[in-house]
Amino acid sequence: MPVTPNRIDDTNFNRRIDLPFELRLQDFQMAIQDVYDFFYDVNAHLTAKGLQRLDDMLRPAIMSGVLSDMLTASLANHSRSLTENRYHNGHPDLIVQGVYSGNAVKAGTEGIEVKTTRKPGGAVDTHGARNQWMCVFVYRVDTESEPARDREPMTITELYLGQVTIEDFRRNPRGELGTRTATLHKEGIRRFRENWVYRVD
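Side note on the overall build of the protein
The secondary structure content of the protein amounts to 4 helices and 8 strands. Starting at the N terminus and ending at the C terminus, the protein contains elements arranged as α-α-α-β-β-β-β-β-β-β-α-β. For 201 residues, the compact-globule estimate of 2.2 N^0.38 gives 17 Å, and the protein sits close to it at 17 Å. Principal-axis analysis of the C-alpha atoms gives the protein an extent of 50 × 45 × 35 Å. A burial count over the protein gives 48% of its 201 residues as buried.

Overview of helix α1 (residues 25-48)
With 24 residues, α1 should cover 34 Å at 1.5 Å per step; its first-to-last C-alpha distance of 35 Å lies within 8% of that length. Among the residues making up α1, those that are buried are L25, D27, F28, A31, I32, Q33, V35, Y36, F39, N43 and L46. Looking one or two residues past α1, G50 carries a phi angle of roughly 80°, positive in sign.

Quick word on the sheet that holds strand β3 (residues 111-117)
With mixed pairing, the 6 strands of this open sheet are ordered in space as β1-β2-β3-β4-β5-β8. Of all the strands in the sheet, the pair left with one neighbour each is β1 (82-84) and β8 (196-199). Strand-to-strand twist in this sheet, taken as the mean axis angle between neighbours without regard to direction, amounts to 20°. Each of β4 (132-140), β5 (155-164) and β8 is contacted by α1, which is oriented at about 140° to β5, the strand it contacts most. Taken strand by strand, helix α4 (residues 186-194) contacts β4, β5 and β8, and its axis lies near 110° from that of β5.

Regarding the environment of G108
With respect to the helices and strands, the residue G108 is situated in the loop between β2 (94-96) and β3. Each C-alpha atom, one on G108 and one on V200, is 32 Å from the other, the two residues being 92 residues apart in sequence. In this structure, G108 is in contact with H91, P92 and Y100, ignoring residues within four places of it in sequence.

As for the environment of D201
Examined against the element boundaries, D201 turns out to sit in the segment after β8. When the C-alpha atoms of D201 and E158 are compared, they prove to be 9.1 Å apart, with 43 residues separating the residues in sequence.

Considerations on the confidence of the model for the protein
Scored by pLDDT, the protein has a mean of 91; 95% of the residues are at 70 or more. Mean pLDDT across the elements of the protein ranges from a minimum in strand β6 (residues 169-171), with 80, to a maximum in β1, with 98.

Focus on the pattern of salt bridges
Opposite charge on two side chains permits them to pair, given that their charged atoms come into close proximity. Tallying each qualifying case throughout the model produces 11 salt bridges. For D56, the salt bridge goes to R151, with nearest N and O atoms at 2.9 Å. With D56 in helix α2 (residues 54-57) and R151 in the loop between β4 and β5, this pair connects stretches of sequence that are 95 residues apart. Here the two residues D56 and R151 agree in accessibility, since each one is buried.

Rules behind the numbers
Residues numbered from 1 in each chain as written. Predicted model: local features only at pLDDT ≥ 70, side-chain atom pairs only at ≥ 80, totals over all residues. Heavy atoms only, no water. Helix = DSSP H or I, 4+ residues; strand = E, 2+ residues; numbered from the N terminus. Rg over C-alpha atoms; globule rule 2.2 N^0.38 Å. Buried < 20%, exposed > 50% of the residue type's maximum accessible area, 1.4 Å probe, protein only. Expected span 1.5 Å × (residues − 1). Pairing = 2+ DSSP bridges. Axes fitted to C-alpha atoms, helices over the stretch in contact; angles between N-to-C directions. Contact = heavy atoms within 4.5 Å. pLDDT = per-residue confidence, 0-100. Salt bridge = Lys/Arg side-chain N within 4 Å of Asp/Glu carboxyl O.

Listed below in structure tokens is the structure:
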């Protein structure tokens, strides 16, 4: 069975949501479709050679990093006012064009941090509690269907975009060698989920 292309269903968008920074629902639709098209092209090439799909090759943490980078770049490409933050590991990932010198800032406030996770509901670890706009894409990867060539393509199932504050986070315990992280607490994630942009029911 050949690799099947994935298509985003535009009826699953929340047309009542207020988007910041001149964003449009179609920006998200095109960004997600860009990622779907990339995975289809790569996986069709790999499976034609008898190799594993990219989805099966990548460890979950690497997969999330790749998706975050791709979605950030594609949103910057389609957005009218946002661009990628050119500061290495700068925050946030997307910033308003022309606000910061060279469109690069170590820690800015004018923009959106982009995260991806496999956890339904959009709860995701961050490197610290901040006042920020946060965008979380929830995705699903079929790793169980057999034979592997019949697996469903990677799918974005949820998308949230909301403004959160330091008070919305809880600090996570840190092991001896661990990095300190923060996650939206129960009330914070409840409010964040009210700002859903896209959901596959």
